[in-house]
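# Tertiary structure, described
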Amino acid sequence: MTLGANTAPITPADVDRVGADHTADPAAAGTLHAEAYTTQRWYDFEQSAIFARSWQWVCHREKLAEAGDYVTTTVAGVPVVVVRDGDGELRAFYNVCKHRAHEVVSGEGSTGTLRCPYHGWTYDLDGSLLAARHTKQLVDFDPSGICLDAVQAEEFAGFVFVNLDPAAEPLRLQASGLASEIATKAPDIADLTLARRLTYDIASNWKNVVENYLECYHCHVAHKDFVSLVDMSTYRITTHGIYSSQPAAAGRSANSAYDVADAAVRIHEAWWLWPNTCLMRYPGRGNAMMMHVIPAGPDRTLETYDFYLEDAEPNAAEAEAIRYIDEVLQPEDVGLVESVQRGMRTPAFTSGRLVCDPAGGGVSEHGVHHFQSLLLEAYRRHTSIAERSEVPASGRAGGDRAAGREESTTALGGRDALSAPARPGRLEPIVGFSSALTTTEVLDEDRG
């Protein structure tokens, strides 16, 4: 692999090179080349090619249950705020003030308005500007025409997601089967509450972290306690569109991981949603665990592990399960992916060979193949968009312009975001890339 400081844009030839060993048949496929996991240019490319165009997890619905509740996050380096407005509608906006670009709010909480802490410009929960101090004397300034730029937001399977791509297909349509699976196998998920959050700073590329999650070929070797908890003879990995699932019987006998004597849930479920959302359900009382994989550099990943339980305080068995994950299972996985990253940075590795079970068993890497297929699809789609955007409009044929507006038929869904017309105060196409004052208090402020 090459370790140079090349900062040139990723081209279709680059995509073909890193995917040279990938085949449609998982049993014949090699892995993507290491340069996509180790260089800054690929990391930067993925921010716009993947994270700015996919549904990104924000929080459990409980944080946005009431009017005025808000949560801030960052997606592809862009600040975003999600809020429940006065009519109960879920909304999201670029968390960027239209005055001088300061972030409008920070953290999370509940508020009657969104007030920028820099100069006090204040917005309603629908994003419209309510007040801008000392602006009466300005020429051609109409506050009624100013609104925070909207971002797509959706509640899905008990959680809240956002998507910076205004043309993206709704998540409920892209992954309808996943919603049905979760509703069937974890029907209590929307009623659970956040009990614990664990955080990890991992010296490995985000794709290595996801790929490790997507296969259990390593489990018998690296996770002796896990394979005593889960019946690996029942473990299956099934891929569908933009998600995959890993069900197995679990917690049905004594094991070396944690006590399951009083468990009501006797299954293991692990769902993955493109590109970086991982939801799990382990033996115990009603529970769900959300593992959010956050790229922080070509060789750095931040990871949050949220435990949603029946009660805000874990009981003794749940505390033991959390301890097992934090002190045993996670260190095992972190050690694995950090070693992989070190190996990828050497001249000794360019690509490897995937090991796949045609029957879809757990001791297989066809889930990794599915993920890498989606990566290549996203890479190719984005380099195609970039090439089209470099052609001056006056030099394009009418047919080329029409082609740029065609609906995508890929598994990622959605239209070409660059083809949509810009409209102020609405969902805008991607091009490249707190206060708690009440409405009355805002309107009473000195405006002039």
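Please refer to the structure placed before this passage.
The paragraphs below set out a description of the structure included in this document. (Residues numbered from 1 in each chain as written. Predicted model: local features only at pLDDT ≥ 70, side-chain atom pairs only at ≥ 80, totals over all residues. Heavy atoms only, no water.)

### Topic: the overall build of the chain
If you tally the helices and strands in the chain, you get 12 helices and 18 strands. Split into buried and exposed, the 448 residues of the chain put 51% on the buried side. Accessible area for the chain stands at about 19,100 Å²; split by element, carbon and sulfur atoms hold 51% of it. (Helix = DSSP H or I, 4+ residues; strand = E, 2+ residues; numbered from the N terminus. Buried < 20%, exposed > 50% of the residue type's maximum accessible area, 1.4 Å probe, protein only. Areas by Shrake-Rupley, 256 points an atom, 1.4 Å probe, with all protein chains shown as cover.)

### What to know about the packing of aromatic side chains
Following the criterion strictly, the structure yields 16 aromatic pairs and no others. With a centroid separation of 6.3 Å and an interplanar angle of 55°, the aromatic rings of Trp 274 and Phe 371 are classed as tilted. Of this pair, Trp 274 sits in the loop between strand E15 (267-273) and strand E16 (277-281) while Phe 371 is found in helix H10 (residues 366-389), placing the two residues 97 residues apart along the sequence. Accessibility expressed as a relative area gives 0% for Phe 371, which makes it buried. Taken together through their ring pairs, the aromatic side chains of Phe 51, Trp 206, Trp 272, Trp 274 and Phe 371 make up a single cluster. The aromatic ring of Tyr 37 is capped on one face by Lys 207, whose charged end is 4.5 Å from the ring centroid. (Phe/Tyr/Trp six-rings, centres within 6.5 Å; stacked < 30°, edge-to-face > 60°. Lys NZ or Arg CZ within 6 Å of the ring centre and 35° of its normal.)

### Describing the state of the cysteines
Here is the idea: a disulfide is a covalent bond, and it sits between the sulfur atoms of two cysteines. By the definition in use, this model includes 1 disulfide. Across the disulfide from Cys 216 sits Cys 219; the S-S distance is 1.9 Å. A torsion of -95° about the S-S bond marks the disulfide between Cys 216 and Cys 219 as left-handed. When its relative accessible area of 2% is taken as the criterion, Cys 216 is described as buried. (Disulfide = S-S within 2.5 Å.)

### Here we look at the pattern of salt bridges
The full count for this structure, using the stated rule, is 24 salt bridges. Its salt-bridge partner being Glu 155, residue Arg 61 comes within 2.8 Å of it at the nearest N-O pair. Placement of Arg 61 in the loop between strand E1 (56-60) and strand E2 (69-75) and of Glu 155 in strand E9 (residues 150-156) is noted, with a sequence separation of 94 residues between them. The salt bridge involving Lys 185 is made with Glu 269; its shortest N-O contact spans 3.4 Å. Of this pair, Lys 185 sits in helix H5 (residues 176-185) while Glu 269 sits in strand E15, and the two are 84 residues apart along the sequence. By relative accessible area, Lys 185 is classed as partly exposed at 31%. Overlapping salt bridges bring together Asp 14, Arg 17, Glu 35 and Arg 41 as one network. (Salt bridge = Lys/Arg side-chain N within 4 Å of Asp/Glu carboxyl O.)

### So, the sheet that holds strand E8 (residues 129-131)
With antiparallel pairing, the 3 strands of this open sheet are ordered in space as E6-E7-E8. Here the strands that pair on one side only, and so sit at the sheet edges, are strand E6 (114-115) and E8. (Pairing = 2+ DSSP bridges.)

### Structural notes on helix H6 (residues 206-213)
With 8 of 8 residues buried, H6 lies mostly within the body of the structure. Listed in full, the buried residues belonging to H6 are Trp 206, Lys 207, Asn 208, Val 209, Val 210, Glu 211, Asn 212 and Tyr 213.

### As for helix H3 (residues 40-49)
Each full turn of the α-helix corresponds to 3.6 residues, which orients residues three or four apart in the same direction. Summarising burial for H3: 8 of the 10 residues are buried, a large majority. If you check which residues of H3 are buried, you get Arg 41, Trp 42, Tyr 43, Phe 45, Glu 46, Gln 47, Ser 48 and Ala 49.

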